[in-house]
Amino acid sequence: MILTLLKSRFADALSGIADDPAQLLDMIKSSQDPKFGDYQANCAMPLGKKLGQPPRDIAAQIVERLDVADFCEPPEVAGPGFINLKLKEEWLTEQVNGILVDDRLGVTPVSEPKHVVVDYSSPNVAKPMHVGHLRSSVIGDAICRILRFAGHKVTSDNHIGDWGTQFGMIIYGYKHFVDQAGYEEDPVGELARLYRLVNQLSDYHAAVNSLPDLEQKLSAAQQALTTAEAGGEPKDKSEKKQRKALRKSVSGLEQQVGSTRKIMEAVRSSPVVSSAADEHPDIARLARLETSKLHAGDKENLKLWNEFLPACLSALQSVYDRLDVSFDLTLGESYYNPMLADVVSSLQEKGLARESDGAQCVFVEGNDAPFIIQKSDGAFTYATTDLATIQYRVKELGADEILYVVDKRQSEHFNLLFQTCQLWGFEDLKCQHVSFGTVMGDDNKPFKTRSGDNVGLESLIDEAVSRAAEIVAENDDKRPEPWLDADARAAVSEVVGSGGIKYADLHHNRDSDYKFSWDKMLATNGDSATYMQYAFARICGIFRRAETTRAFVREAGAAVRISTPQERALVLQLLSLGEAIQTALTDYRPNILCDWLLSTAERYSQFFDKCPVLKADSEELKASRLSLCELTARALELGLRLLGIKTAEVL
RNA sequence: GCCCCGAUAGCUCAACUGGAUAGAGCAGCGGUCUUCUAAACCGCAGGUUGCAGGUUCGAGUCCUGCUCGGGGUACCA
């Protein structure tokens, strides 16, 4: 890696000037602007400050001692003390020719591989996956792929919710409302219907119970607000704040009352549902009871659970197949059930857990809320399961590090979990909550259908693929003679559609919320999956035109020669994959790799525009450019594959 | 109340964890196809990085206060 080489030379140059060069070496990076060269070292400024000398003098001293003449032009000192480095073209040529037949594009595996367990996707199996599971699945899968490529041992684990309250709900639903014919025809669809129904009915009764109280609170708040707005000093700061808080609580209550009424109306508007509601007034408690019966080993419920689970799992699997997302393990909550009691007693023995309001809690310094590991009714919580899971992953799997690719709203839970885990004795384990933001709709609220339901993941994929199909067809129809038959169009649509979904998610910084947009997702230009897939397909087109194959060109191994700025820029880009991967992994941000791919595709498009391959000036140049094309194709293919995105030879 | 997170071009988002003149893509305007896929390329225009201070050679990035928005906050996961 170029950066590694530079760092080692700078380490030599800095020894004797600085006592702790590690931090300074991190200040060497690729230049943002080509006019500053290819790489820049920013370490002279902090060093100058530390030594009390002008940074430019320090920079000059470093340059004096720096031995990079074998691969760089003479370094230049600029501005306050930046050291700008430009790589020699002969050296770049040598480097690129060194990776012509390398599947890894010169990226060497890490010297100290870790065993990383990656926990992602983790849906509740009782209900169909929705758009909320997309980010976790796609980001988690990409991180696994990148980690593996970097040389780490990865265990991907789908920590499915297969043991919680939602199972009590479908068991209750099955016992009272099942449509046997529907269940036999489509078990998962019927179970999902039952889940929604039971959920709706318990929400209904909760709504009926809470409405009077809510209305009372609302009118009290409204009254308080009116009083506050009428009297008092308009400019008084604390009163202003108070009014603001009141307004907020009024609008919050209004919303609550509104949604509560909506829940009631929805039930009342359907005679069937309405009478079901009347016949099952205690449904919420009874559904919970089914859950605890299941946990206690009740024969009938366990039998139903064993019957439901395979069907639910296979429904999940079909979505994962479609997304090309896979797992080494699928160990759900039920797997850890037998270990939970020991977790609690172990924490009690160590004096970490104690009783509070009837529940077993771990209190972690600096946190008001306790970490509840056993509820007052004796049931365990997901905190308990998560602790048992950590224990299992360390002791049985030998994990060095665990990543949780989970919604950022759960950060407090993970804070408590990780701190408890430290106290419990897993000091050497590194845990990280790889958090991500919410997928928003046009209204800047979480992405929902018009009726307010979650968007099903399967229908989302279907929609993406069918929109992609239109684009593919439209584009192919523009040609004098279409290139694609119906089967090929369908295959390409799948690649473009699912690639679009994934890239749209991955190219955002995972921590930010992003607004869902079909148009952006399936944009055929700009920062989109299609842009890169298109660059790849154009390369394949050249090989077809040349009546040769990528394998043949690769085998021939003609040397790359740099003859234009476009070729230089492309070569430099291709040599920087290792850096992109390293940066992407420092904080598990796949968007860094997206940037690298975009930049690679851009530079290829520029090359494609300015540098004829088949009509190059000489046979030698043609061979050189064919080699460069083959290498770029491999780079795009590899980079996209690390994100879980496929390519097609013809678009 | 307390605790987190965010506010960057008209829109959607970046910004390699403190580096040079804050970048892309859309949308807008203008150029480039008898030549390897125009799903492309090139150019123009677009900014007081929410506000006010502070830290330093240097701040979108760190600190303090404020405004606005989002999320969380004891037995759902």
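In this text the structure is predicted, and so the values were computed from the model without any measurement.

## Details of the protein's contact with RNA strand B
Looking at RNA strand B, there are 75 residues lining it, with Asn84, Glu333, Lys375, Ser512 and Lys520 nearest. Within 4 Å of the protein, the atoms of RNA strand B are drawn from sugar and phosphate moieties in a proportion of 56%. Asn509 is positioned with one of its backbone polar atoms (N or O) 2.9 Å from a phosphate oxygen of RNA strand B. Within the backbone of Cys611, an N or O atom sits 3.0 Å from a base nitrogen of RNA strand B. Elements that contribute at least two residues to the surface near RNA strand B include exactly helix 3 (44–51), strand 4 (82–85), strand 8 (359–362), helix 18 (457–477), strand 13 (514–515), helix 21 (529–545) and helix 25 (590–610). No other element matches helix 21, which puts nine residues into the surface near RNA strand B.

## A closer look at the sheet that holds strand 2 (residues 39–41)
Here four strands make up an open sheet; going across it, the order is 1-2-4-3 and the pairing antiparallel. Edge positions in the open sheet fall to strand 1 (28–30) and strand 3 (76–78), since each of these has one partner strand only. Within this sheet the neighbouring strands show an average axis-to-axis angle of 30 degrees, counted without direction. Direction of pairing for strand 3 relative to strand 4: antiparallel, over a ladder of three bridges. Residue pairing for strand 4: Glu76 is matched across the bridge by Asn84. Sheet contacts for helix 1 (residues 2–14): strand 1, strand 2 and strand 4; angle to strand 1, the most-contacted strand, approximately 150 degrees.

## Quick look at the packing of helix 15 (residues 340–349) against helix 16 (residues 382–395)
It is at 9 Å that the axes of helix 15 and helix 16 come closest, and there the two elements cross at 90 degrees. It follows that helix 15 is roughly perpendicular to helix 16 by the angle criterion. Two secondary-structure elements touch here, helix 15 through Leu340, Val343, Val344 and Leu347 and helix 16 through Thr384, Thr385, Leu387, Ala388 and Gln391. Residue composition of the contact of helix 15 with helix 16, grouped by class: six nonpolar, three polar and no charged.

## Quick notes on the pattern of salt bridges
Overall, the coordinates contain 38 salt bridges when judged by the stated rule. With a closest N to O distance of 3.4 Å, Asp33 and Lys35 form a salt bridge. Since its relative accessible area comes to 64%, Lys35 is described here as exposed. Between Arg634 and Glu630 there is a salt bridge, and its shortest N-O distance comes to 2.5 Å. One end of the pair is Arg634 and the other is Glu630, both in helix 26 (residues 619–642) and four residues apart, which spans about a single turn. Among the ionic contacts, a cluster of salt bridges with common partners joins Asp141, Arg145, Asp324 and Lys646.

## As for the packing of aromatic side chains
A full pass over the atoms with the stated rule returns 20 aromatic pairs. Look at Tyr320 and Phe327: their rings are 4.9 Å apart centre to centre, the planes differ by 75 degrees, and that puts the pair in the edge-to-face class. Between Phe414 and Phe418, the aromatic rings sit 5.7 Å apart at their centres with planes inclined by 35 degrees, giving tilted as the arrangement. Of this pair, Phe414 and Phe418 both sit in helix 17 (residues 411–424), four residues apart, which is roughly one turn of the helix. For the pair formed by Phe414 and Phe418, the shared burial category is buried. Three or more aromatic residues joined by ring pairs make a cluster, and in this case those are Tyr120, Tyr320 and Phe327. Above the face of the Trp483 ring, Arg479 is positioned so that its terminal group lies 3.8 Å from the ring centre. One cation-aromatic arrangement involves Arg538 over Phe608; the distance from NZ or CZ to the ring centre is 3.9 Å.

Reading the values: rules and limits
- Think of each chain on its own: its residues are numbered from 1, step by step along the sequence as written.
- Key to labels: chains lettered from A, ligands numbered from 1, both in the order written.
- Whole-chain, interface and lining totals are the exception, using all residues; otherwise, since this is a predicted model, local features are given only for residues with pLDDT of at least 70 and side-chain atom pairs are given and counted only at 80 or more.
- Based on all heavy atoms of the structure, the side-chain values leave hydrogens and waters out of the count.
- A molecule or strand has a residue near it when one of that residue's heavy atoms lies within 4 Å.
- Pairs of N or O atoms within 3.5 Å make up the polar contacts considered here, provided that, within protein, one atom can donate a hydrogen while the other can accept it, and that residues adjacent in sequence are counted only when both atoms are side-chain atoms.
- Think of it this way: any DSSP run of H or I at least four residues long counts as a helix, any run of E at least two long counts as a strand, and we number them from the N terminus.
- A strand pair is defined by DSSP finding two or more bridges across the two strands.
- Working convention: axes come from line fits to C-alpha atoms, limited for helices to the stretch in contact. Angles between N-to-C directions cover 0 to 180 degrees.
- Residue contacts are counted whenever heavy atoms from the two residues lie within 4.5 Å of one another.
- Oblique is the label for any angle not under 35 degrees, not over 145, and not in the 65 to 115 range, which are roughly parallel, roughly antiparallel and roughly perpendicular in turn.
- The classification used treats Ala, Val, Leu, Ile, Met, Phe, Trp, Tyr, Cys and Pro as nonpolar, Asp, Glu, Lys and Arg as charged, and all other residues, Gly among them, as polar.
- A pair is scored as a salt bridge if a Lys or Arg side-chain nitrogen falls within 4 Å of a carboxyl oxygen belonging to Asp or Glu.
- Each residue is placed in one exposure class: buried if its accessible area under a 1.4 Å probe, protein chains only, is under 20% of its type's maximum, exposed if it is over 50%, and partly exposed if it falls in between.
- For Phe, Tyr and Trp, where Trp contributes only its six-membered ring, two rings pair if their centres lie within 6.5 Å, and the inter-plane angle classes them as stacked under 30 degrees, edge-to-face over 60, or tilted in between.
- Counting as a charge over the ring demands two things of the Lys NZ or Arg CZ atom: a distance within 6 Å of the ring centre and an angle within 35 degrees of the ring normal.

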